[in-house]
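Listed here are the chains, written in short residue letters.
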Amino acid sequence: MSKVTEKQNICTQLAMQCKAIQGIHMRDLFMHDKERGKKFSRQLSNLTIDYSKNLISTDILKLLFQFAKASDIETSIKAMFDGDKINVTENISVLHTALRSDVTQKLNIDGIDIIKQVHDELEKMQLFVNSIHNKNHKGWTGQPIDTFVNIGIGGSELGPKMVVDALTEYRQADTRSFFISNVDYQSIDDLQKMINPETTLFIISSKSFSTLETKTNADTLKEWMKESGCKEIEKHFIAVSNNLVAAKEFGINSENVFQIWDWVGGRFSLWSTIGLPIALAIGFDNFKTLLAGAHEMDEHFKQTSPEDNIPVILALIDYWYSNYFDAETHAFIPYDESLKLLPEYLSQLFMESNGKSANLSGHRIDYKTMPVTWGSVGTNSQHSFFQLLHQGTHTIPVDFLVPLTKKGNQKHHALLLANCFAQSQALMQGEDNSDPHKHFAGNKPSTTILYTELTPKTLGSLLAMFEHRTFVQGLLWQINSFDQWGVELGKKLATTIFENLNSQNIDEKLDSSTRNLIELYKKNQQ
Ligand code: F6P
């Protein structure tokens, strides 16, 4: 039987299972199988994943694993770790896992010792970070640096910003971090009121060093530094880039340009030198621990059979909802203030990776791929959009994330947990009421991701788990999770529109809506 026929057969059986399970309530599944909670849970170190409150059964999972096998996911996982050029539209390897590899590992790609390259750059990073923390690196007036400003956007901001925020407890004493991304001048205006130019270090984080927002913000802040009296720009600006020439042209000393390679995708890059703001904020040792946590998940992902492989299981459940239940969105709700920026980071990770409609062979596909990924912190969201989760008309799978232990007032912590567990229980079991306004249908799917205290190691594992889940989703949908051509058109058109905003005339070939918008802008400048 050909692979295509085999997959079609599995899909037909999955469609039948989907119909069947819709006739059963999840609370009955729990009633008939007292072990369901444990049976559909997996653990790795500090992480426990309970996926039992999903619309699944042993038979459904069996079919999903068959589908994963027929999709050759194990071969593709190996290909990624081996450095095969699996980003086929750009003909490059995908090696974020090498960034957190052990120094003793070996990986040669095109005659280059990748692991050595990574560890050499880590060493350079460590020396720099230490020179800031031990106050050897000084600003132009001889004062040590105490403020770090990352200038970067997308993958060159979201990961580091989220990690720095999540690990505030580990922050280096008497230091502050800021992240500037939007080209909206307001953020620079606000920043300038909060920082002292004499003690500030700017990190220009841009793999390409050509991103409009980052270049514009970096130029503006360089001018501001000069206006503030700084005559030694090189003491206050460093760069992380794959474009060493452009970084040097900006005025950065070559020893302060930290390399990122083409095989590190933007949204998978926080483990690379793009993580410099993390290391500056929490210290290099903690940064290494974050990498170690991710490495542990890498090893689990690489070595564990699909049936026990956490990222694989989660990706299969995602595929199940998207392709059989027409789930259009997926919510991520951290019951943890430390992870309040996680939903935004995940939006880029999932949607920039898998928001695609062409398959690996370049053909348009006729099935659904990545749902909209969104979310916000619990318990707050219970008082905003949870109404829709409980009584709305859409199927919205939810991932709850919650720490088992947290420092501080334990009454608060127990209440936080109680609310998280109650929400997944309420979504699952519902409550019958003859008044439709007060009726809770239940049977709403969720997964609960538990972790012991949010340490750098746990966070590393958690984030690597999401990265691998993203990759496996892409394999199931047969798409390339590692390019992002969809962001290019808007960038190109913005350049033309910017020219029109600044010229006397407006291009007649523009559509009437865009012309009107430009005219309105011009009228308001007079
Ligand atoms: O516009 C999308 C994107 O290319 C992302 O994929 C990337 O993370 C971001 O822009 C920033 O790119 P760079 O690091 O090259 O400035």
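Residues numbered from 1 in each chain as written. Predicted model: local features only at pLDDT ≥ 70, side-chain atom pairs only at ≥ 80, totals over all residues. Heavy atoms only, no water.

Participant: Explain the overall build of the protein to me, and be specific about the residues and the numbers.
Facilitator: Along the backbone of the protein there are 19 helices and 13 strands. Its C-alpha radius of gyration of 25 Å places the protein within 12% of the 24 Å reference for a compact globule of 526 residues. Structurally, the protein occupies a C-alpha span of about 75 × 60 × 55 Å along its principal axes. Within the protein, residue pairs in contact and separated by at least 24 positions form 72% of the contacts whose partners lie at least 6 positions apart. (Helix = DSSP H or I, 4+ residues; strand = E, 2+ residues; numbered from the N terminus. Rg over C-alpha atoms; globule rule 2.2 N^0.38 Å. Contact = heavy atoms within 4.5 Å.)

Participant: Could you give me a rundown of the layout of surface pockets, with the residues and numbers involved?
Facilitator: Which parts of space are left empty comes out when a probe the size of a water molecule is rolled across the atoms. Computed from the structure, the largest pocket encloses a volume of approximately 960 Å³. If you list the elements that add at least two residues to the lining of the largest pocket, you get α9 (212-227), α14 (342-354) and α18 (488-502). The biggest single contributor to the lining of the largest pocket is α18, with four residues. Across the lining of the largest pocket, the residue classes tally to 13 nonpolar, 18 polar and eight charged. For the lining of the largest pocket, the two domains that each supply at least three residues are domain 2 (105-282) and domain 3 (486-525). When its volume is computed, the second largest pocket comes out at roughly 410 Å³. What lines the second largest pocket is a set of 15 residues, and nearest its centre among them are K7, C11, F67, Y367 and Q478. Counting residues per element, the ones that place at least two in the lining of the second largest pocket are α1 (3-21), α4 (58-70), α13 (310-324) and α17 (456-477). (1 Å grid on protein atoms, 1.4 Å probe; cavity = no way out; pocket = protein on both sides within 12 Å on 5 of 7 lines; lining within 4 Å. Points joined across faces, edges and corners; volume = space filled by probe spheres on them. Nonpolar A, V, L, I, M, F, W, Y, C, P; charged D, E, K, R; others polar. Domains from an automatic or database assignment.)

Participant: How would you sum up the sheet that holds strand β11 (residues 372-374)? Please name residues and give values.
Facilitator: With mixed pairing, the six strands of this open sheet are ordered in space as β1-β2-β13-β12-β10-β11. Among the strands making up the open sheet, the edge pair consists of β1 (41-44) and β11. Strand-to-strand twist in this sheet, taken as the mean axis angle between neighbours without regard to direction, amounts to 15 degrees. Bridge count for β1 against strand β2 (residues 47-50) is four bridges, and the pairing is antiparallel. Within the sheet, the bridge partner assigned to Q43 lies in β2 and is T48. Across the sheet, α13 lies against β1, β2, β10 (329-334) and β13 (446-451), angled at about 145 degrees from β1, the strand it touches most. (Pairing = 2+ DSSP bridges. Axes fitted to C-alpha atoms, helices over the stretch in contact; angles between N-to-C directions.)

Participant: Account for the packing of helix α6 (residues 114-133) against helix α12 (residues 284-303), with residues named and values stated.
Facilitator: Two numbers describe how α6 lies on α12: the axes approach to 10 Å, and their chain directions differ by 150 degrees. Taken together, the axis directions place α6 and α12 in an arrangement best described as roughly antiparallel. Taken together, the residues of α12 that come into contact with α6 (itself represented by L122, M125, Q126 and V129) are F284, F287 and L291. Its residues assigned to classes, the contact of α6 with α12 comprises six nonpolar, one polar and no charged. (Parallel < 35°, antiparallel > 145°, perpendicular 65-115°, else oblique.)

Participant: Tell me about the nonpolar core, and please be specific about residues and values.
Facilitator: By size, the foremost hydrophobic cluster in this structure holds 116 residues, and its most contacted members are W320, L459, L462, M465 and F466. A domain-level breakdown of this core finds at least three residues from each of domain 1 (3-23 + 34-82 + 289-481) and domain 2 (105-282). Leave out the neighbours within four places in its chain, and L459 touches V163, A166, L167, L290, L339 and L454. Core analysis: the next-biggest nonpolar cluster, separate from the first, contains 24 residues, F178, F202, A218 and A247 among them. (Core = buried A, V, L, I, M, F, W, Y, C linked by side-chain atoms within 4.5 Å. Buried < 20%, exposed > 50% of the residue type's maximum accessible area, 1.4 Å probe, protein only.)

Participant: Now, about the site of the ligand: what can you tell me, with residues and values included?
Facilitator: Residues in close proximity to the ligand total 14 residues, the closest being G155, S156, S206, S208 and T211. A distance of 2.6 Å separates an oxygen atom of the ligand from a polar atom in the side chain of S208. Between the ligand and E352, the relevant distance is 2.9 Å, taken from an oxygen atom to a side-chain nitrogen or oxygen of the residue. Protein burial of the ligand: of its 390 Å² of free accessible surface, 87% is covered by the chains. More than half of the atoms belonging to the ligand lie within 2 Å of the grid points that define the largest pocket. Split into classes, the residues belonging to the shell around the ligand amount to two nonpolar, nine polar and three charged. (Near = heavy atom within 4 Å. Polar contact = N/O pair within 3.5 Å; in protein donor to acceptor, adjacent residues only side chain to side chain. Areas by Shrake-Rupley, 256 points an atom, 1.4 Å probe, with all protein chains shown as cover. Sits in = over half its atoms within 2 Å of the grid points.)

Participant: Can you lay out the pattern of salt bridges for me, pointing to particular residues and giving the numbers?
Facilitator: Applying the stated criterion across every chain yields a total of 28 salt bridges. Put simply, K3 and D72 hold a salt bridge, and the shortest N to O gap is 3.3 Å. Pair noted here: K3 is in helix α1 and D72 is in the loop between α4 and α5 (73-82), with a separation of 69 residues, a long-range link. The class for K3 is partly exposed, based on a relative accessible area of 38%. D165 serves as the salt-bridge partner of K340, at 2.8 Å between the closest nitrogen and oxygen. With K340 in the loop between β10 and α14 and D165 in helix α7 (residues 158-166), this pair connects stretches of sequence that are 175 residues apart. With relative accessibility at 39%, the residue K340 sits in the partly exposed group. (Salt bridge = Lys/Arg side-chain N within 4 Å of Asp/Glu carboxyl O.)

Participant: Explain the side chain of H25 residue by residue, including any values.
Facilitator: Tracing the backbone through its elements, the reader meets H25 in the loop between α1 and α2 (26-32). On the accessibility criterion, H25 (15% relative accessible area) is buried. A distance of 2.8 Å separates a polar atom in the side chain of H25 from the backbone oxygen of A441. Those residues in contact with H25 that lie beyond four places of it in its chain are M428, Q429, A441, G442 and N443.

By themselves, these figures tell us nothing about what the structure is for.
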